[in-house]
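Coordinate analysis (summary)
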Amino acid sequence: MEQKIYISLKEAESLVFNKIIVLPKTRLGIERAQKDWSIAIYIKNETFTEYANLIVLVAGAVLKFEIPLKEENLFLNHFRVPKGLLVLADRKYRESNDEDKTLDFPDELDYTNEIRFFKFIRRGLMNCFALAINNSISKEFSNEVYNNINNLTFSEFNLNLIKEILLNDFYPIKERNDGNFYAESVKRFNWFGAYIFNEFPEIKKLNENDLNEARQWFLNFKDKENSKSIQNAISNVPDIFFEEFEFILGYYIAASFYEESNIGEDFYNVILAQLKKIKLEKNSKVIYWSIFFQALFKDDLDFLYVIASYQKQQLILENKLLQLLFSEIEPSNATFEIVELQKRQGVAEYLQLQDGGELIEPTFITEEDEIELLKNNFSNQNMLNIGVDTGAHSSLNFLFRNKCATNNMGFSLNLKSKPSKVTFYINDKSEVKDWLKELKIKTKPISKLIDNNKKALVGFLLPESYDRSLLKVYEWILQNADKSKSIKTIVIVLLVDEEVEYIQSPEFQNKKNEMEKFLKSKFGENTSVLVKNERIKSDGEIKRNLKHLLEQYSIKDIELVNENIDDKIRNWIISVNNEFVVDSDIKNYYTFLNK
């Protein structure tokens, strides 16, 4: 059974970004949207934690957000909640100045630090969990993660170090006032050494010789590029550090190589490469702690979601963490079990989470099938067998190998393919029609160059290339077709390679507006112009924009201009809806990072 809990927009924002919310227990008595409580969250019955007249709700308990229609853009783009977690309701968000003390947040209790610790530690755990269920690293690593979640605990030293780091907002540093320049990784190493030799359990009880030995051992890590020195230290761990060795080394690797691995969701590959240099690429405990500590300061991981079949496991993880940080909450005996899921079901849940709608099992296709689906009369070798009348359209001369024309000198014909293979596409009233018929060369109406079922036209255009592009041919087809085509939507993507600052400048926006006006004069008011900057490696924005414009159409209804495209761009078009999925494209389908 499900139940609704009503919260304010501000509380919804807190839940989305902090992954936890504390509410007065009286909130359970609200049965409909009222005053400021216009957001409803759907949860399974009693999946919240209750204590001291409060309820604590974690992100994994939320099945859906029911929101006013006008807040959809806010939730999708600012809160970055997947579309599959949103239910739209026809109601307004109403601000209220009335004070209702029974509904106030409990100001008398300060949970600021606990909520902060929960948010950041959850990042580390959730990232390890995502890599484990997607089997991104190894079976041994996945087992390490599952074991750690089932027995979630931190030693006093572990937890104190983590809290100290989080209270500093980033990996802490310690300067050396000797006039020399030091890299950030060195300053982090300095701080870590000072912390260990001040705070590590029993460190103050060591005799002078053992303490000096421990310091000398730690100094082996001073140069992060000195693999030989680090390997020597790994093989001679002092007894005092033996139990915490993997934890210590995990933090050291994460803090030392943060800049090198600050490159998207696959950052863990940089960590694995560094561990391979010191022969620890198979040590699952060190890998676990390295990834955990690196994930703490990767904000995007707040928008990492799991598919429905794994939401129960996420909830167990979050509740176990909750019980560690909120001392008043009694620990539960919930056990973490891995779900065996067929790929088709996993991908269906992934696509539903990402795009919303009904749960529909996708049709898997290969990259070859993808090319075939988007094939048209201008694809591959087809272009070699097209002929056109260039007499009245000289701009088409250099685009086609087969062409004919009439002028005051008579009829001219230029063929690069065998006559039996060529088809000329001409107007019914064209003067060349009788000539071609006499020569027994096939002819068809211009309209036949675009299949009748096509409802959307999509093209990718390089700067200053329109007059010699295939889009110019499509303009000619649409303007000269004997029958009106059924194309309802035209999308043209401008491919640019510019500095981000320039793309955001008024100068570029003016150029884009001028180009949009020009293209609408050629193709009509139903033309939309998008921009893809090659210097932006992420393709999330262009995929979202294409999806918004094209998701209503079947893939077979889309005419993709066969110019300036590759496998990546074909994939953008295939992914505008969930009709087809390229089998090799979605690997980590148990989790969705909402970029």
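Residues numbered from 1 in each chain as written. Predicted model: local features only at pLDDT ≥ 70, side-chain atom pairs only at ≥ 80, totals over all residues. Heavy atoms only, no water.

1. Things to note about the packing of helix α9 (residues 245-256) against helix α11 (residues 284-295)
Running from N to C, α9 and α11 point in directions that differ by 45 degrees, and their axes come no closer than 7 Å. Comparing their axes, α11 and α9 come out oblique. When you trace α9 past α11, the crossing you get is right-handed. Residue-level inspection shows Glu246, Phe247, Leu249, Gly250, Tyr251, Ile253 and Ala254 of α9 in contact with α11, the latter providing Lys285, Val286, Trp289, Ser290, Phe293 and Gln294. (Axes fitted to C-alpha atoms, helices over the stretch in contact; angles between N-to-C directions. Helix = DSSP H or I, 4+ residues; strand = E, 2+ residues; numbered from the N terminus. Parallel < 35°, antiparallel > 145°, perpendicular 65-115°, else oblique. Left-handed = near helix turned anticlockwise from the far one by under 90°. Contact = heavy atoms within 4.5 Å.)

2. Topic: the sheet that holds strand β11 (residues 402-407)
Strand order in the open sheet made by the 5 strands is β12-β11-β10-β13-β14, with mixed pairing throughout. Two strands bound the open sheet, and with one partner strand each, they are β12 (410-414) and β14 (442-445). Averaged over all pairs of adjacent strands, the angle between strand axes in this sheet comes to 25 degrees, irrespective of strand direction. Sheet topology note: the strand β13 (residues 423-426)/β14 ladder contains 4 bridges and is parallel. Each residue of the ladder has a partner; that of Phe424, found in β14, is Thr443. (Pairing = 2+ DSSP bridges.)

3. As for the pairing of strand β7 (residues 86-89)
Direction of pairing for strand β6 (residues 62-68) relative to β7: parallel, over a ladder of 4 bridges. Counted as the bridge partner of Pro68 is Ala89 from β7. On the question of chirality, the crossover connecting β6 to the parallel β7 by way of helix α2 (residues 72-78) is right-handed. (Right-handed = clockwise from strand over helix to strand, strands pointing away.)

4. A look at the side chain of Asn577
Mapped onto the secondary structure, Asn577 falls in the loop between α20 (567-574) and β19 (580-582). Within polar-contact distance, the side chain of Asn577 engages the backbone nitrogen of Glu579 at 3.0 Å. Among residues more than four places away in sequence, those in contact with Asn577 are Lys547, Glu551, Tyr553, Ser554 and Ile555. (Polar contact = N/O pair within 3.5 Å; in protein donor to acceptor, adjacent residues only side chain to side chain.)

5. A look at the packing of aromatic side chains
Applying the stated criterion across every chain, the model contains 44 aromatic pairs. Between Phe154 and Trp289 the ring centres are 6.1 Å apart and the planes differ by 50 degrees, which places this aromatic pair in the tilted class. Separated by 135 residues along the polypeptide, Phe154 in the loop between α4 (139-150) and α5 (156-167) and Trp289 in helix α11 bring together distant segments of the chain. Accessibility classification places Phe154 together with Trp289 in one group, the buried group. With 5.1 Å between their ring centres and 55 degrees between their planes, Tyr310 and Tyr590 make a pair best called tilted. One end of the pair, Tyr310, is in the loop between β8 (304-306) and α12 (311-325); the other, Tyr590, is in the loop between β19 and β20 (591-593), and 280 residues separate them in sequence. (Phe/Tyr/Trp six-rings, centres within 6.5 Å; stacked < 30°, edge-to-face > 60°. Buried < 20%, exposed > 50% of the residue type's maximum accessible area, 1.4 Å probe, protein only.)

6. Structural notes on the sheet that holds strand β15 (residues 456-461)
Within the open sheet, the 4 strands sit side by side as β17-β16-β15-β18. Their pairing is parallel. At either margin of the open sheet sits one strand with a lone partner, and together these are β17 (527-533) and β18 (558-560). Neighbour-to-neighbour, the strand axes of this sheet turn through a mean angle of 20 degrees, independent of strand direction. Two strands pair when backbone bridges link them, and β15 and strand β16 (residues 489-496) are joined in this way by 6 bridges, in the parallel orientation. In the strand pairing of β16, Val458 is matched with Val491. Running at roughly 150 degrees to β15, α20 makes contact with β15, β17 and β18 of the sheet.

7. Details of unusual backbone geometry
Despite not being glycine, Arg80 shows a phi value in the positive range, around 55 degrees. For Arg80, the location among the structural elements is in the loop between α2 and β7. Of note in the backbone geometry, Glu464 takes a positive phi value of approximately 55 degrees without being a glycine. Along the polypeptide, Glu464 turns up in the loop between β15 and α16 (470-480). Its relative accessible area of 75% is what places Glu464 among the exposed residues.

8. Points about the pairing of β13
Neither face of β13 is exposed, since Thr423 and Tyr425 on one face and Phe424 and Ile426 on the opposite face are all buried. By the bridge criterion, 3 bridges tie strand β10 (residues 386-389) to β13 in an arrangement that is parallel. Within β13, the residue paired with Gly387 across the bridge is Phe424. Once the chain exits β13 it traverses helix α15 (residues 432-438) before rejoining the sheet at β14, and the crossover so formed is right-handed.

9. Digging into the environment of Leu519
Of note, Leu519 is situated in helix α18 (residues 506-523). With a relative accessible area of 0%, Leu519 lands in the buried category. A C-alpha to C-alpha distance of 9.9 Å links Leu519 and Leu471, two positions 48 residues apart in sequence. With sequence-adjacent residues up to four places away left out, Leu519 is seen in contact with Tyr466, Ile492, Gly524, Thr527 and Val529.

10. Structural notes on the packing of α5 against α9
Helix packing for two helices is described by the angle between their axes and how far apart those axes are. The N-to-C vectors of α5 and α9 enclose an angle of 15 degrees; their axes lie 11 Å apart at closest approach. In terms of axis orientation, α5 runs roughly parallel to α9. Considering how the two elements wind past one another, α5 and α9 form a crossing that is right-handed. Contacts between α5 and α9 pair Phe157, Asn158, Leu161, Ile162 and Ile165 from the former with Phe247, Ile248 and Tyr251 from the latter. Class assignment for the residues of the contact of α5 with α9 results in 7 nonpolar, 1 polar and no charged. (Nonpolar A, V, L, I, M, F, W, Y, C, P; charged D, E, K, R; others polar.)

11. Quick word on the environment of Asp567
Residue position: Asp567 is located in helix α20. When the C-alpha atoms of Asp567 and Ile371 are compared, they prove to be 8.2 Å apart, with 196 residues separating the residues in sequence. Apart from residues no more than four positions distant in its own chain, Asp567 is found in contact with Glu367, Glu370 and Ile371.

12. A few points about the pattern of salt bridges
Scanning the model with the defined rule gives 27 salt bridges in all. Residues Lys285 and Glu144 are paired through a salt bridge, measuring 3.5 Å at the closest nitrogen-oxygen approach. Of this pair, Lys285 sits in helix α11 while Glu144 is found in helix α4, placing the two residues 141 residues apart along the sequence. Looking at Lys285, the relative accessible area reads 38%, which means it is partly exposed. The buried category is assigned to Glu144, whose relative accessible area is 13%. (Salt bridge = Lys/Arg side-chain N within 4 Å of Asp/Glu carboxyl O.)

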